[in-house]
Each structure stands twice: as C-alpha cells, then as structure tokens.
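# Working through the structure, step by step
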Amino acid sequence: SMCEHHLLPFSGMAHVAYIPDGKVLGLSKFPRLLNVFARRLQLQERLSANFADAVMTLLQPRALAVALEATHACMCHRGVGVNASTRTLVLRGPGRGELAVKEQLLDGVSFSSGARARL
C-alpha cells in the first residue's frame, strides 16, 4: 500500500485468525480482500480496521484477530532511517472479550505469551 502521509510504499505480512460461526472463506480470498483496501492511499491502522470490518461483515465469526506487520519506506529512506517494522492488531467479534478466546486469537496471529512480553 501507499502511506497517505508521505506517498511512499509500505509492505508486509497479514496474519488472520478467526473462530467461525458457520461461515468460512477460502484461504485465497483473504489476500484478495486485503488488496481491495491496500490499493488506495492508506494508513496501516486504517487498513487493519477496514480489512477486519470486511471479514466481520462477510463471515460474522465468533471472534477475529487481524495483525498487519509492515515496513514503511518513509521510516527506512527518510527521517529516522531505520529498517523497522510496525505491527497493528485489531480484535473483533462478540467472543473477543473472553480470555480463552482472546489467547487463542493472539496465538493465531503470532502474539504468543512470550511475544506479548517482548512488545
């Protein structure tokens, strides 16, 4: 996608975990859906939220986690000049508040208890 603040690209990896409530989606459809939102000028936080909201609308899962981890050219090539990635996390669904469900979602998007301690 392109950062709307600096008009420079950012790219990375999307992690999706969901607990279905009847409906499922073919795995190839997740990146296609994400690309719908990534094609426009974007903020990583809004991209995460838009994608999560679209998955919620389509599947109505019990719970959903979306984590986007991206490297931003605006950080790498100008300003601070560091090659660092940023991770955003969005939790959705009625079951997201249950501790066991939340842990399952976070594990599904690679936020295991060990990883959470490092954040």
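Residue positions are given per chain, counted from 1 along the sequence in the order it is written. Thresholds applied to this predicted model are a pLDDT of at least 70 for local features of residues and 80 or more for the giving and counting of side-chain atom pairs; totals over whole chains, interfaces and linings are not thresholded and use all residues. Side-chain numbers come from the whole structure's heavy atoms, not from hydrogens or water.

### A closer look at the confidence of the model for the chain
Put simply, the rule reads: Within a predicted model, pLDDT stands for the predictor's per-residue confidence, ranging from 0 to 100. Secondary structure elements are taken from DSSP: a helix is a run of H or I of four residues or more, a strand is a run of E of two residues or more, and numbering for both begins at the N terminus. By definition, residues are in contact when any of their heavy atoms lie within 4.5 Å.
Summarising the model, the chain shows a mean pLDDT of 86, and 89% of its residues fall at 70 or more. Within the chain, no element has a lower average pLDDT than helix α5 (residues 113–118), which sits at 42, and none a higher one than helix α2 (residues 44–59), at 96. Under a pLDDT of 50 for its full length, residues 112–119 has, in the predicted model, seven contacts with residues more than four places off or in other chains.

### Some details on the environment of leucine 33
For leucine 33, the position within the fold is in helix α1 (residues 29–38). In this structure leucine 33 touches Phe51, Ala54, Val55 and Leu58, once residues within four positions along its chain are discounted.

### Some remarks on the environment of leucine 105
Looking at the element boundaries, leucine 105 is found in helix α4 (residues 99–108). Linking leucine 105 and tyrosine 18, residues 87 residues apart in sequence, is a C-alpha distance of 6.8 Å. Among residues more than four places away in sequence, those in contact with leucine 105 are Ala17, Tyr18, Ile19, Ala63, Leu64, Ala65 and Leu91.

### Details of the packing of aromatic side chains
Definition in use: The rule is short: rings of Phe, Tyr and Trp, with Trp giving its six-membered ring, pair when the centres are within 6.5 Å, and they are stacked under 30 degrees, edge-to-face over 60, tilted in between. We call a residue buried when its accessible area falls under 20% of the maximum for its residue type, exposed when it is over 50%, and partly exposed in between, using a 1.4 Å probe and counting protein chains only.
On inspection of all chains with the given rule, the structure shows one aromatic pair. Ring geometry for tyrosine 18 versus phenylalanine 30: centroids 5.7 Å apart, planes at 50°, classification tilted. Here the residue tyrosine 18 occupies a position in strand β2 (residues 10–19), and phenylalanine 30 occupies one in helix α1, the gap between them amounting to 12 residues. A residue is classified by how much of its surface remains accessible, and tyrosine 18, at 22% relative accessible area, is partly exposed. Look at phenylalanine 30 and you get buried, because its relative accessible area is 8%.

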